[in-house]
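The lines below spell out each chain.
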Amino acid sequence: MSRLSVSLPGLNMKNPILPASGCFGFGKEYAKWYDLSVLGGVTIKAATLEGRFGNPTPRVAETESGMLNAIGLQNPGVRNIIENELPALEKYNIPILANIAGSTEEEYIEVTRQISASPLVSAVELNISCPNVKEGGIHFGTDYKSAADLTRKVKDVSKKPVYVKLSPNVSNIVEMAQAVEEAGADGLSMINTLVGMKLDWRTGNPILANKTGGLSGPAIKPVAIRMIYEVSQKVSLPIIGMGGVSTAEDVLEMMSAGASAVAVGTANFVNPYVCPEIIEKLPELLDEIGMENISEMTGRSTKQWKTPLSSR
Amino acid sequence: MRKHLLKVTSNREIARNIYEMKLTGPGVGSMTTPGQFLHVSVGNQSSKLLRRPLSICDVDHDQEEVTLLYRAQGEGTKQLSQKQARELVDVLGPLGNGFDMDAIAVNKRALLIGGGIGVPPLYYLGKHLKKKGIEVTFILGYQSVEDSFYVEKFQAIGETIVTTVDGSLGIKGFVTDAMGACVEDEPVIYSVGPAVMLKAVEDRAGGLDGYLSLEERMGCGIGACFACVCPTETRKSGYVKICSDGPVFKMGEVVL
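Source: prediction; values computed, not measured.

Below, the discussion takes up a negative patch on the surface. Residue and element names in this part refer to chain A. On the surface, a cluster of negative charge is contributed by E277, E280, E284 and E288. By the secondary structure assignment, E277 is in helix α10 (residues 274-288). The class of E277 is partly exposed, set by a relative accessible area of 43%.

Shown next, in the form of structure tokens:
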């Protein structure tokens with residue numbers, strides 16, 4: 001146990017930092033830049049049953065302090081991922097969180113059955129919140145009954161703990177979190193991207209070929225903080241926090257809101273070394289506030305104030 | 001692959017909205033292959049997050065200096081155009097696979113075709129090919145004379161044909177309008193520009209050997225985010241990533 005270590009269902013991490021799904025491929029590209037064994041864990045790109053090509057390009061557009069993406073769940077299919085992508089990650093000896101997507105209940109169940117059986121996978125992340133494909137699961141993620149139902153069925157076949165990745169594109173995220181907790185989820189990942197759009201003012205046309213995309217980056221961090229803050233007080237599940245995190249300070253802020261671990265997404269594109277740089281800086285920040293173990297940071301915002309700030 | 005902080009030695013407008021930026025620093029030593037690019041942070045990373053992929057236009061290894069040409073079109077590249085001498089620029093690279101310099105036989109001629117902001121990498125490529133003893137012809141396409149740049153510098157390397165859409169310089173029309181006589185002795189073709197131009201060049205080349213360098217909006221620039229993919233019929237995966245599999249591909253390899 002080091003002062004940075006955190007423990008979540010299926011994920012024993014030497015530090016709370018893991019790259020977010022879709023922002024790190026299957027790890028091999030970033031492995032050319034640094035030794036991935038320094039990470040607390042890694043979330044791999046979403047797997048679907050069959051390979052998918054994804055959306056037409058352009059697939060990304062920059063926005064103020066953020067970006068829109070509409071990749072469209074491009075991946076080589078779950079069998080390929082298990083056979084050709086996962087083995088390369090084994091040598092780093094870090095927990096692997098496998099993101100799972102699908103168009104139908106049956107697809108989610110089958111992908112979960114296959115990938116959770118891999119000894120290299122530590123936990124699965126149920127992606128019911130991809131906004132970029134018509135049948136990309138977001139219909140499961142915006143209706144709490146469908147979300148609970150799917151969670152229950154995936155839990156039935158999963159050999160590993162299941163984290164449900166929540167969409168912020170809902171009117172009541174607490175209700176959604178409670179529904180999947182009730183259905184047996186082992187943890188939550190939050191938040192996925194916010195649906196957005198950017199137009200070229202000269203032509204009036206959308207920049208993205210998909211027209212809409214998911215907004216990520218520092219612009220959405222306050223939304224993530226607020227949602228984690230609210231949800232963590234109403235459910236007892238551990239939360240992997242994400243949404244615009246780019247510095248060690250952001251990590252501690254998100255843990256204070258209620259996250260037990262923190263995923264870094266878009267910031268990897270800005271600086272490929274961002275994860276190791278954050279990890280290196282965390283002890284310094286803990287010293288600054290006189291905190292011994294990082295796990296004590298989780299939920300500080302609600303512990304310090306006996307009643308939630310929002311109701312004061 | 002590395003991240004470098006390079007120092008601006010000059011940054012000036014050389015044609016309408018086209019800037020020439022020269023950067024210096026130890027990282028320049030690794031920039032040896034024409035066709036590769038640098039992923040450049042344009043300014044304030046907290047507001048303009050994404051890097052811009054800018055192709056390498058020239059490298060002076062004695063001076064440890066790399067030249068990038070870019071069009072100041074959006075807010076990000078406008079910020080880049082404000083960089084003053086001695087300021088630092090954060091770059092990743094060199095990234096991507098450049099032109100295969102061993103693939104052309106010494107007795108072959110090379111035809112280098114570029115459109116707009118696709119022109120710059122042809123300069124470094126042309127210099128390399130000439131050094132190999134290969135005769136180089138350029139076809140450079142611009143919107144108009146105000147948008148043209150580096151014409152004299154290209155002329156110093158080889159025969160240079162200019163086309164402009166409005167006819168204000170060189171031949172009126174597109175680069176493909178100037179290809180006719182140039183392809184008769186079956187040169188190897190190297191082309192950089194927007195996909196629609198590359199498609200026209202490929203059609204006009206009629207099966208000649210050649211290489212195309214593609215442009216696309218990128219995210220990570222290193223192959224992880226899947227933003228800049230392009231369909232292909234020759235690879236099992238069905239797609240290539242422009243940033244890490246390319247940006248240079250054999251003609252016919254990708255579906256334009």
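On to the sheet that holds strand β6 (residues 88-95) of chain B, then. Residues and elements named next belong to chain B. Strand order in the closed barrel formed by six strands is β1-β2-β5-β4-β3-β6, and the pairing between neighbours is antiparallel. Across this sheet, the average inter-strand angle for adjacent strands is 45 degrees, counted without regard to direction. On top of the sheet, helix α2 (residues 120-131) reaches β4 (52-60) and β5 (65-71); it is set at about 30 degrees to β4, its chief contact.

All names here are of chain B. The UniProt record marks C220, C225, C228 and C243 with the feature "binding site: [2Fe-2S] cluster" (unreviewed entry), using the residue numbering of this structure. On the basis of their most widely separated C-alpha atoms, the annotated residues across 24 residues gather in one place, lying no more than 10.2 Å apart. Structurally, the position occupied by C228 is in the loop between β12 (210-213) and β13 (229-231). Within the secondary structure, C243 is located in the loop between β14 (239-241) and β15 (248-250). On the basis of relative accessible area, C243 is assigned to the buried category, the value being 3%. Non-local contacts of C243, meaning those with residues more than four positions away in its chain, are made with F37, G96, M218, G221, I222, G223 and C228.

Residue and element names in this part refer to chain A. Cross-referencing UniProt, the feature "active site" (unreviewed entry) maps to C130 in the present numbering. Position of C130 relative to the elements: it lies in the loop between β8 (123-127) and α4 (138-141). The buried category is assigned to C130, whose relative accessible area is 7%.

Glancing now at the UniProt feature "binding site: FAD" (unreviewed entry) in chain B. Annotation from UniProt places "binding site: FAD" (unreviewed entry) at B:R52, B:P53, B:L54, B:S55, B:L69, B:Y70, B:R71, B:G76 and B:T77. Here B:R52 is to be found in strand β4. When sequence neighbours within four positions are dropped, the list of residues in contact with B:R52 reads A:E62, B:L38, B:H39, B:V40, B:V42, B:G76 and B:T77. Separated by 2.5 Å, the side chains of B:R52 and A:E62 make a polar contact. Relative to the helices and strands, B:S55 resides in strand β4.

It is worth spelling out the interface of chain B and chain A at this point. Of the residues lining the interface, 30 residues belong to chain B; the matching set on chain A comes to 32 residues. Both sides together, the interface formed by chain B and chain A hides about 2800 Å², and carbon and sulfur atoms give 61% of it. Of all residues in chain B, the largest losses of buried area upon contact with chain A belong to B:L49, B:R217 and B:F226, amounting jointly to 23% of the total for that side. Across the salt bridge formed by B:K241 and A:E29, the nearest N and O atoms sit 3.1 Å from each other. At the surface where chain B touches chain A, the tally comes to 11 residue pairs in polar contact (both at pLDDT 80 or more). Elements represented by at least two residues in the side of chain B that touches chain A include exactly β6, β13 and β14 of chain B. Residue classes in the side of chain B that touches chain A are distributed as 15 nonpolar, seven polar and eight charged.

Attention shifts here to the side chain of B:D58. Residue and element names in this part refer to chain B. Relative to the helices and strands, D58 is located in strand β4. Looking at D58, its side chain comes within polar contact range of the side chain of K127, at 3.0 Å. Residue contacts for D58: discarding those within four places in its chain leaves E65, V66, T67, Y123, Y124 and K127.

Residue and element names in this part refer to chain A. Across the interface, helix α6 (residues 173-182) lies against helix α7 (residues 221-234) with an axial gap of 9 Å and an inter-helix angle of 40 degrees. Here α6 is positioned oblique relative to α7, judged by the angle of their axes. In terms of crossing hand, the pair formed by α6 and α7 is right-handed. Facing I173, V174, A177, Q178 and E181 of α6, the residues of α7 in contact are M227, E230, V231 and K234.

To continue, consider the environment of B:P231. Here B:P231 is to be found in strand β13. On the basis of relative accessibility, which here comes to 34%, the residue B:P231 falls in the partly exposed class. B:P231 sits 212 residues away from B:Y19 along the chain, and the two C-alpha atoms are 32 Å apart. Apart from the residues lying within four places of it in its own chain, the contact partners of B:P231 are A:F53, B:G238, B:Y239, B:V254 and B:V255.

Let us now look at the pattern of salt bridges. All names here are of chain A. Enumeration over the complete set of coordinates arrives at 23 salt bridges over all chains. Of the charged contacts in the structure, one is a salt bridge between E83 and R79, with a shortest N-O distance of 3.9 Å. Of the two residues, E83 and R79 both sit in helix α2 (residues 78-85), four residues apart, roughly one turn of that helix. Looking at E83, the relative accessible area reads 48%, which means it is partly exposed. For R79, a relative accessible area of 41% gives the class partly exposed. The partner of E110 in a salt bridge is R113, and the shortest N-O contact between them spans 3.1 Å. With E110 and R113 both in helix α3 (residues 105-116), this residue pair falls three residues apart, about one helical turn. The class of E110 is partly exposed, set by a relative accessible area of 25%. Salt bridges linked by common partners bring E105, D149, R152 and K153 together as one network.

So, how was this worked out
Residues numbered from 1 in each chain as written. Chains lettered and ligands numbered in written order. Predicted model: local features only at pLDDT ≥ 70, side-chain atom pairs only at ≥ 80, totals over all residues. Heavy atoms only, no water. Patch = residues over 30% accessible without salt bridge, like charges linked within 9 Å, V, L, I, M, F, W, Y side chains within 5 Å. Areas by Shrake-Rupley, 256 points an atom, 1.4 Å probe, with all protein chains shown as cover. Salt bridge = Lys/Arg side-chain N within 4 Å of Asp/Glu carboxyl O. Lys, Arg positive; Asp, Glu negative; His and termini not counted. Charge placed at Lys NZ, Arg CZ, Asp CG, Glu CD. Helix = DSSP H or I, 4+ residues; strand = E, 2+ residues; numbered from the N terminus. Buried < 20%, exposed > 50% of the residue type's maximum accessible area, 1.4 Å probe, protein only. Pairing = 2+ DSSP bridges. Axes fitted to C-alpha atoms, helices over the stretch in contact; angles between N-to-C directions. Contact = heavy atoms within 4.5 Å. UniProt positions renumbered as here; feature names shortened; annotations may be inferred. Polar contact = N/O pair within 3.5 Å; in protein donor to acceptor, adjacent residues only side chain to side chain. Buried area = accessible area lost by both parts, 1.4 Å probe. Nonpolar A, V, L, I, M, F, W, Y, C, P; charged D, E, K, R; others polar. Parallel < 35°, antiparallel > 145°, perpendicular 65-115°, else oblique. Left-handed = near helix turned anticlockwise from the far one by under 90°.

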